[in-house]
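Summary of structural features
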Amino acid sequence: QLKFAESLSRLGTESAFEVLARAGKLAAEGRDIINLGIGQPDFRTPEHIVEAGIKALRDGHHGYTPANGLLPLREAVTADLHRRHGVEVNPDNVVVVPGGKPTMFFAVLMFGQPGVEIMYPNPGFPIYESVIRYSGATPVPIALEEKNGFAFSADALLSQITDRTRLIIINSPANPTGGVTPKEEIDKLVKGLEAHPHVALMSDEIYSNMLYGGREHVSLLQYPEIRDRLIMLDGWSKTYAMTGWRLGYAVWPDACVDHVTRLCINDHSCVNAATQFAGIAALNGPQDAVREMVAQFDARRQVIVDALNGLPGFRCPDAAGAFYAFPNIEGTGMTAREAQDRFLNEAGVATVAGTSFGKWGEGYLRFSYANSTENIQTAIERIAAIL
Ligand code: PLP
C-alpha cells in the first residue's frame, strides 16, 4: 500500500474540469450536450498567432529559453501594459509561465506555510483555496456578496488582516461571478494596506480585457505605492483564446523575482519556445480579433442575463466582466449542486454549482456564456422546460 504525503489530501480541484469530463461522457453516449460549464472562449486562436507558433517551430526554436521567458516576449508584455494600463514596467519584473495557474501556485508557495494566513475571494476561483490549503497556510475567505455586485468591501477585507497575514489574493473581473470591483474600493484597499507593510497582494487580472457597459479596467499596477509587494497576474488564455497553449505571466516585485525564477527552474524550466513566439505575435500584432470576441461576449451577455432573469426562481445580477453569469437560484428550491446535476442529466446543459467556488457560492450557479447565442437560447429553453 502506497503511503502518500499528508499534504496531498489538502489539495482541491477545479470542478469545471469534472463537469467537462461528465459532459464529454454523456456526449460520447450520444446525448446532445450544451456546455456552459467550462471557462474558455469558444473561438479559435487568431490565425496570425497560430502561424507565428508554426514558424517558430520551422525556424528551429526547439530548445530551452531563459526560465523567466524570452526577452522580446517580456518586452511585448511591458509594451502591452503601457498601452492598456498606462504604466511603466521593467521587463526584468515579468516572469512568463505556462498559463495563469502557475503564478498563483508559486505566489502561495512563496508565502504559505503553517501558522500564516492567506486571504482569497469566496466565491472565487477554486484553485486559490486549494493551493493555500496545500501550502499548510490557513485560508481566510473574503466574502463577495451579490448586493455589492460581488466586489469586495475594502473595509471588511482590511479588518480581517492580522499579523499572521502574508498574502491577499483579489480577482477583478471575477470568476465565477463576473463581478468587477469599483475603483473606490481598490483605492481604499491600497490606502489601508499602508498600515500593513508585511502583506503582499496578488491581483489576478486574467479577465482585464473583458469589461462591459463602458466599464474600464483598473489595474493594481496603476498604484506605484504598492509595486514593491504587488504580484499582477495576466495571460493569453482568455484574451487570445489560447487556453490550450499554456501561456501566462505575472509582474513580480523586485524582492520576489529570483525566488519565482528558481521555482520555475525547479518546476518546468521554461515555457515551450514556439508558444512564446506565438505570444509575441499576439501582443505585437493586430488586436481586431480581441475586440470582435469581446463584442460577441457582450452581446451574448445581454441575451443570457435577460433569459436567466426570465426563469422561475432565478435572479441574475448584471454581469459586468469576464464571460460568466452567476444567477441566484434559491427560488427554485434546489441547492446549487442539485440544479447543476439536474440541468446536466435532464436538460443536457452543463453549468457549474456555485459551491464549487467556495461555501458562499451556495444558492448560485455559474453559466459561462463563451458559447453561441443559439446554444445559449436553446440551453435556457431546455432548463425552462424542466422548471
Ligand atoms: N485566473 C482565473 C480567475 C481564471 O478563471 C482562470 C481560468 O479559468 C485562470 C486564472 C487560469 O488560467 P490559465 O488557463 O491560463 O491557467
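Every value quoted in this text rests on a predicted model; they were computed, and no experiment measured them.

1. A word on the environment of Arg229
Residue position: Arg229 is located in the loop between β6 (200-204) and β7 (230-235). For the pair Arg229 and Leu201, spaced 28 residues apart in the sequence, the C-alpha separation amounts to 6.2 Å. What Arg229 contacts, discounting residues up to four positions off in sequence, is Ala200, Leu201 and Pro253.

2. Side note on the pairing of strand β8 (residues 248-251)
Alternating residues of β8 divide into Gly248 and Ala250 and Tyr249 and Val251, and every residue in both groups is buried. Direction of pairing for strand β2 (residues 94-97) relative to β8: antiparallel, over a ladder of 4 bridges. By the bridge assignment for β8, Val94 is matched with Val251. Relative to β8, β7 is paired through 4 bridges, and the arrangement is antiparallel. Bridge pairing in β8 links Met232 to Val251.

3. Considering the UniProt feature "domain: Aminotransferase class I/classII large" (unreviewed entry) in the protein
Here the UniProt-annotated "domain: Aminotransferase class I/classII large" (unreviewed entry) positions come out as residues 32-383. A distance of 14 Å separates the end C-alpha atoms of residues 32-383, which is 39% helix and 14% strand.

4. Overview of the confidence of the model for the protein
Summarising the model, the protein shows a mean pLDDT of 96, and 100% of its residues fall at 70 or more. Here the predicted complex scores 0.97 on pTM and 0.99 on ipTM.

5. Focus: the packing of helix α10 (residues 288-309) against helix α12 (residues 373-386)
Where α10 contacts α12, the axes come no closer than 10 Å and their chain directions differ by 10 degrees. Overall, the two elements α10 and α12 adopt an arrangement that is roughly parallel. Residues Ala299, Arg300, Val303, Ile304, Ala307 and Leu308 of α10 lie in contact with α12, whose contacting residues are Thr373, Ile376, Gln377 and Ile380. Grouping the amino acids of the contact of α10 with α12 by side-chain chemistry returns 7 nonpolar, 2 polar and 1 charged.

6. Side note on the pairing of strand β4 (residues 138-143)
In this sheet, β4 lies alongside strand β3 (residues 117-122) in parallel orientation, the contact comprising 6 bridges. Pairing of Ile118 across the sheet is with Pro139, part of β4. Crossover handedness for the path β3 to helix α5 (residues 126-135) to β4: right-handed.

7. Brief notes about the sheet that holds strand β5 (residues 165-171)
Reading across the sheet, the 7 strands line up as β2-β8-β7-β6-β5-β3-β4 and stay open at both edges, with mixed pairing between neighbours. Of all strands in the sheet, those with a lone pairing partner are β2 and β4, marking the two edges. Across this sheet, the average inter-strand angle for adjacent strands is 20 degrees, counted without regard to direction. Contacts from helix α3 (residues 71-85) reach β2 and β8 within the one sheet, and its direction differs from that of β2 by about 115 degrees.

8. Looking at helix α9 (residues 273-284)
Spanning 12 residues, α9 covers 17 Å between terminal C-alpha atoms, matching the ideal 16 Å at 1.5 Å per step. Counted residue by residue, α9 has 9 buried out of 12 residues, so it is predominantly covered. Buried within α9 we find Ala273, Thr275, Gln276, Phe277, Ala278, Gly279, Ala281, Ala282 and Leu283. Those residues of α9 that are buried lie in contact with α2 (47-58), α3 and β2.

9. A short note on the sheet that holds strand β12 (residues 365-368)
Read from one edge of the open sheet, 3 strands run β9-β12-β11, paired in antiparallel fashion. Strands at the two margins of the open sheet, each flanked by one partner only, are β9 (324-325) and β11 (352-353). By the bridge criterion, 2 bridges tie β9 to β12 in an arrangement that is antiparallel. By the bridge assignment for β12, Tyr324 is matched with Ser368.

Procedures and definitions
- Each residue is numbered by its place in its chain's sequence as written, counting from 1.
- Local features are withheld for residues below a pLDDT of 70 in this predicted model, meaning they are given only at 70 or higher, and side-chain atom pairs are given and counted only at 80 or more; totals for whole chains, interfaces and linings count all residues.
- Only DSSP runs of H or I with at least four residues qualify as helices, and only runs of E with at least two residues qualify as strands; both kinds are numbered from the N terminus onward.
- Whether two residues are in contact depends on their C-beta atoms, placed from the backbone: they are in contact if these lie within 7 Å.
- Residues with at least 20 neighbouring C-beta atoms inside 10 Å of their own are called buried, those with 12 or fewer are called exposed, and the rest are partly exposed, where every C-beta is derived from the backbone.
- Here the rule is simple: two strands pair whenever DSSP picks up at least two bridges between them.
- UniProt positions are given in the numbering used here, feature names are shortened, and annotations may be inferred rather than shown by experiment.
- As a per-residue quantity, pLDDT reports the predictor's confidence and falls between 0 and 100.
- Axes, fitted as lines to C-alpha atoms, cover a helix only where it is in contact. Angles between the N-to-C directions of the axes lie from 0 to 180 degrees.
- Throughout, the term roughly parallel applies to angles under 35 degrees, roughly antiparallel to angles over 145, roughly perpendicular to angles from 65 to 115, and oblique to all others.
- Put simply, Ala, Val, Leu, Ile, Met, Phe, Trp, Tyr, Cys and Pro go in the nonpolar bin, Asp, Glu, Lys and Arg in the charged bin, and everything else, Gly too, in the polar bin.
- Throughout, right-handed denotes a crossover for which the path from the first strand over the helix to the second runs clockwise when the strands point away from the viewer.
- Working rule for helices: expected span equals 1.5 Å times residues minus one.

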